[in-house]
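Residue-level listing of the chains:
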Amino acid sequence: MIAVSSAMRPSLAVWKFTSCDGCQLSLLDCEDELLALAGAVRIAHFTEMSKAIAPGPYDISLVEGSITTPDDEERIKAVRASSKYLVTIGACATSGGIQALCNFTEPGSYARTVYAHPEFLSSLDTSTPVSSHVSVDYELHGCPIDRGQLLEVLLAFLAGRRPVIAGHSVCQECKARATVCLLVENATACLGPVTRAGCGALCPSLGRGCFGCFGPSDTANVPSLRARLGANGATDGQVSRLLATFNVAAPKFRAREEGVTP
Amino acid sequence: MTFAESFVVDVDGLDALVQVLIQRGYETKGPTVHDGAVVPGPITGVREFPRGVRDEQAPGRYRLGKGDERLFAWAVGPGSWKADFFPANQVEWRAHTSEGALSFAEVGTASTPLAIIGARPCELAAIEVFDRVLGEGAHPDPRYVTRRDTCFMVVVECAVPAGTCFCSSMGTGPDVKSGFDIALSELSDADGHRFLARAGSSHGADVLAAIPHALASELDLRARLESLEHAEASMGRHLETEGLAELLARNIEHPRWSDVAERCLSCANCTMVCPTCFCSDVLDISELSGALERRRVWSSCFDLDHSYLHGGAVRSSTSSRYRQWMTHKLSTWWDQFDTSGCVGCGRCVTWCPVSIDITEEVEAIVRTDGAARVTVPTSRSDS
Ligand code: SF4
Ligand code: SF4
Ligand code: SF4
Ligand code: SF4
């Protein structure tokens, strides 16, 4: 057990920006490992877990959420300044999240649809990933992130090694678990070939096409998959809609999303 | 009973064969229907075989439909026996750190011997390719060798090739000549539904002697040859292998590589389903408890990380990755292992989500042998 005295343990901070909290919850979800983790790092700032907040600087910061307000813009700079390593977690922090749908419509149109008095809001016209504002040391993808991958990032940080996290497609995980390909076997629209692995090909194993939670893989060729889904009978708009979810603003998924309306 | 003799076994006899192998302590596996495809699975008797099933295969397309009384009237599906000898995720060793000291634990090689009942000829050929990769050389994989040496192999010759099959081009089917314990040919004609059986090892002869069988007639032997001839004539694909290794070697700058890269998703499905693709990644996993583990997992030349050396990936473009894959299969495999890396099973063709067909890609290069590479403007990104 890597347990050292409190002063020697690296400090961990968890920050929330515009997001649903699901990703930071993954940390609390590490039930079996949580005590061991608390023995290896000093959890200095994690308001979802404790009101006790220790001042920075912090050795490692996990940042959840996208940047959507003027306040976010300032706060992320402060987080960066007080963090030795900054790791963004989840689709919101790494690509802007589903709220980045607003990037592709007239400014304020979503706010007017959702809120009775949008004039009380102070928000930016776009939802952008953390990396558009400050330098990021590592990006962990997923909506939500996989708790095993989160632990792996923290363990790699503690051991001073590179995280063992793949950048290849979901298809590779799908084949490794011997799932019969839905796209080939029954023409299901599946984003697996262009989506980053991480979930273990959860949806195809249950008979559903991949929705693209982990964003584009390292080598995603979206135009080619578009052509195939089109040949299977999907309209261009349907494919655009399929891509316009949690990672709508990821450059490789975005290419043709300008026309998508709420 | 001599090896040269052929016997006739009926469907109940096949069931008896499974039972004998179970009694002799084998883990029995064979083709089964699962999630709409024929895939390897556990077999406890003939009832699990894909009886009455036909497949329809084309580039990027696979459908199962209704067939006749036969159990083996289909061609290979997405799963291959590779996974049994070269698991997708295998622990190589374990260790533990405690107070700064490292202690290693052995991961044993022992496993229940495997009996495969119903491998196709191209699948046996693929395992024989694998033998050269993992079973021979200076550092054979001990777990591979144990699993392979203790394996009992029943091969069923092919009567109904799929639209993506080209084993006859590669010399790996539809018949089987050696490397099996028992070879079967399924016959279904006026003389009834039966199997022609041959032993290929003393072990196979011994098992065959233990199940109900009769000596085959001239008619049975002729029926097998006719079935094979018919299979050979209905191969869905063809690949001209004469001079192919050299052809690809002199066309590494051919414009077709960029053309296929426009379509290729770099998704790695082709390498995952290929029964001879052996690339792996070695992962070191450390846990908070101090436990360490080294794992070997399937990898692919279509992964960007697979060619990652200091500072970046060597094969950063899809054209270079596809070229690596195809030229390895059909050309440099000869230099490395003195055999083709492709056995003509057609899996990569059927299971490519965007229907890329290795035989068609070869054909395109054959037609324009020596075509100069199109100059790519320097501003264009290379991925
Ligand atoms: S089902 Fe989807 S994720 Fe799985 S191999 Fe097919 S395309 Fe890829
Ligand atoms: S939608 Fe795709 S990435 Fe998300 S959980 Fe399902 S298979 Fe995984
Ligand atoms: S390259 Fe394709 S056809 Fe050849 S053995 Fe591999 S999967 Fe089968
Ligand atoms: S050839 Fe087909 S299966 Fe292979 S990586 Fe390219 S798109 Fe995927």
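On a predicted model such as this, the values are computed, not experimentally measured, just so you know.

1. A short note on the overall build of chain A
And step 1. Check the secondary structure of chain A and you find 12 helices and five strands.
And step 2. Computed over its C-alpha atoms, the radius of gyration of chain A comes to 19 Å, within 12% of the 18 Å expected for a compact globule of 262 residues.
And step 3. Across the 262 residues in chain A, those meeting the buried criterion constitute 50%.
And step 4. On chain A, roughly 11600 Å² of surface is accessible, and the fraction owed to carbon and sulfur atoms is 58%.

2. Focus: the domain arrangement of chain B
Residues and elements named next belong to chain B.
And step 1. Annotation of chain B at the domain level lists domain 1 (6-86 + 108-233) and domain 2 (244-278 + 302-369).
And step 2. A C-alpha centroid distance of 28 Å is found between domain 1 and domain 2.
And step 3. Each partner contributes residues to the interface: domain 1 has 27 residues there, and domain 2 has 28 residues.
And step 4. Regarding the contact of domain 1 and domain 2, the summed buried area is about 2200 Å², with carbon and sulfur atoms giving 66% of it.

3. Here we look at the site of ligand 2
And step 1. In the vicinity of ligand 2, the residues found are C199, C203, P204, C210, F211, G212, C213 and F214 of chain A.
And step 2. Tallied by class, residues from the shell around ligand 2 come to seven nonpolar, one polar and no charged.

4. Observations regarding the side chain of S266 of chain B
And step 1. As for its position among the elements, S266 of chain B is in the loop between α9 (256-263) and α10 (269-273).
And step 2. The class of S266 of chain B is buried, set by a relative accessible area of 4%.

5. Here we look at the pattern of salt bridges
All names here are of chain B.
And step 1. Counted by the stated rule, this structure contains 36 salt bridges over all chains.
And step 2. Measuring nitrogen to oxygen at the nearest pair gives 2.9 Å for the salt bridge that ties R24 to D206. With R24 in the loop between α1 (11-23) and β2 (27-34) and D206 in helix α6 (residues 202-209), this residue pair connects regions lying 182 residues apart in the sequence.
And step 3. What makes R24 partly exposed here is its relative accessible area of 38%.
And step 4. Between R296 and E92 there is a salt bridge; the shortest N-O distance is 3.8 Å. Of this pair, R296 sits in strand β14 (residues 291-298) while E92 is found in strand β6 (residues 89-98), placing the two residues 204 residues apart along the sequence.
And step 5. Take E92: its relative accessible area is 25%, and that puts it in the partly exposed class.

6. A short note on the sheet that holds strand β12 (residues 214-215) of chain B
Residues and elements named next belong to chain B.
And step 1. If you trace the eight strands from one edge of the open sheet to the other, you get β3-β2-β8-β9-β10-β11-β1-β12, paired in mixed fashion. If you trace the sheet from one side to the other, it starts and ends with β3 (37-42) and β12, each paired once.
And step 2. Strand direction decides the pairing type here: strand β1 (residues 6-9) and β12, joined by two bridges, are antiparallel. Counterpart to F7 in the pairing with β12 is L215.
And step 3. The strands touched by helix α7 (residues 218-233) are β1, β10 (182-189) and β11 (192-199); relative to β11, the strand with the most contacts, the crossing angle is about 90°.

7. Remarks on a nonpolar patch on the surface
All names here are of chain A.
And step 1. A surface patch of nonpolar side chains, about 290 Å² in accessible area, is lined by V114, Y115 and L121.
And step 2. Topologically, Y115 is positioned in the loop between α5 (109-114) and β5 (138-140).
And step 3. Overall, the relative accessible area of 45% leaves Y115 in the partly exposed class.

8. Some remarks on the environment of H117 of chain A
Residues and elements named next belong to chain A.
And step 1. On the secondary structure map, H117 appears in the loop between α5 and β5.
And step 2. Residue class for H117 comes out partly exposed when judged on its relative accessible area of 46%.
And step 3. Linking H117 and D21, residues 96 residues apart in sequence, is a C-alpha distance of 25 Å.

9. Quick look at the nonpolar core
Residue and element names in this part refer to chain B.
And step 1. Residues W325 and L330 are the most contacted members of the largest nonpolar core, which totals 86 residues.
And step 2. A per-element tally of this core places α1 first, with six residues.
And step 3. When neighbours within four sequence positions are excluded, W325 is seen to be in contact with C270, T271, C277, C301, F302, C348 and I358.
And step 4. In terms of nonpolar packing, the next biggest core, distinct from the first, is built from 36 residues, V76, L124, I127 and W333 among them.

10. Observations concerning the interface of chain B and chain A
And step 1. With 43 residues of chain B in contact, the opposing surface of chain A contributes 32 residues.
And step 2. Taken over both partners, the interface formed by chain B and chain A buries close to 2900 Å², and the fraction arising from carbon and sulfur atoms is 57%.
And step 3. Sorting the residues of chain B by area buried against chain A places L265, L288 and P353 of chain B first, and these three jointly supply 24% of that buried surface.
And step 4. One can count one salt bridge joining chain B with chain A.
And step 5. Here R162 of chain A ties to D305 of chain B by a salt bridge, and the two come within 3.7 Å at their closest N and O atoms.
And step 6. Those elements that place two or more of their residues in the side of chain B that touches chain A are β3, β5 (61-66), α9, α10 and β13 (280-286) of chain B.
And step 7. For the side of chain B that touches chain A, the residue count by class is 22 nonpolar, 11 polar and 10 charged.

11. Remarks on unusual backbone geometry
For residues other than glycine, phi is negative in most cases, and the peptide bonds are mostly trans.
And step 1. Here the residue pair G56 of chain A and P57 of chain A is connected by a cis peptide bond, since its omega of -5° sits within 30 degrees of zero.
And step 2. By the element assignment, P57 of chain A lies in the loop between β2 (42-45) and β3 (58-64).
And step 3. The omega angle of the peptide bond from C143 of chain A to P144 of chain A is -5°, so this bond is cis rather than trans.
And step 4. Mapped onto the elements, P144 of chain A comes out in the loop between β5 and α6 (147-159).
And step 5. Here S266 of chain B, not a glycine, exhibits a phi torsion of approximately 55°, which is positive.

How each quantity is defined
- Residues numbered from 1 in each chain as written.
- Chains lettered and ligands numbered in written order.
- Predicted model: local features only at pLDDT ≥ 70, side-chain atom pairs only at ≥ 80, totals over all residues.
- Heavy atoms only, no water.
- Helix = DSSP H or I, 4+ residues; strand = E, 2+ residues; numbered from the N terminus.
- Rg over C-alpha atoms; globule rule 2.2 N^0.38 Å.
- Buried < 20%, exposed > 50% of the residue type's maximum accessible area, 1.4 Å probe, protein only.
- Areas by Shrake-Rupley, 256 points an atom, 1.4 Å probe, with all protein chains shown as cover.
- Domains from an automatic or database assignment.
- Contact = heavy atoms within 4.5 Å.
- Buried area = accessible area lost by both parts, 1.4 Å probe.
- Near = heavy atom within 4 Å.
- Nonpolar A, V, L, I, M, F, W, Y, C, P; charged D, E, K, R; others polar.
- Salt bridge = Lys/Arg side-chain N within 4 Å of Asp/Glu carboxyl O.
- Pairing = 2+ DSSP bridges.
- Axes fitted to C-alpha atoms, helices over the stretch in contact; angles between N-to-C directions.
- Patch = residues over 30% accessible without salt bridge, like charges linked within 9 Å, V, L, I, M, F, W, Y side chains within 5 Å.
- Core = buried A, V, L, I, M, F, W, Y, C linked by side-chain atoms within 4.5 Å.

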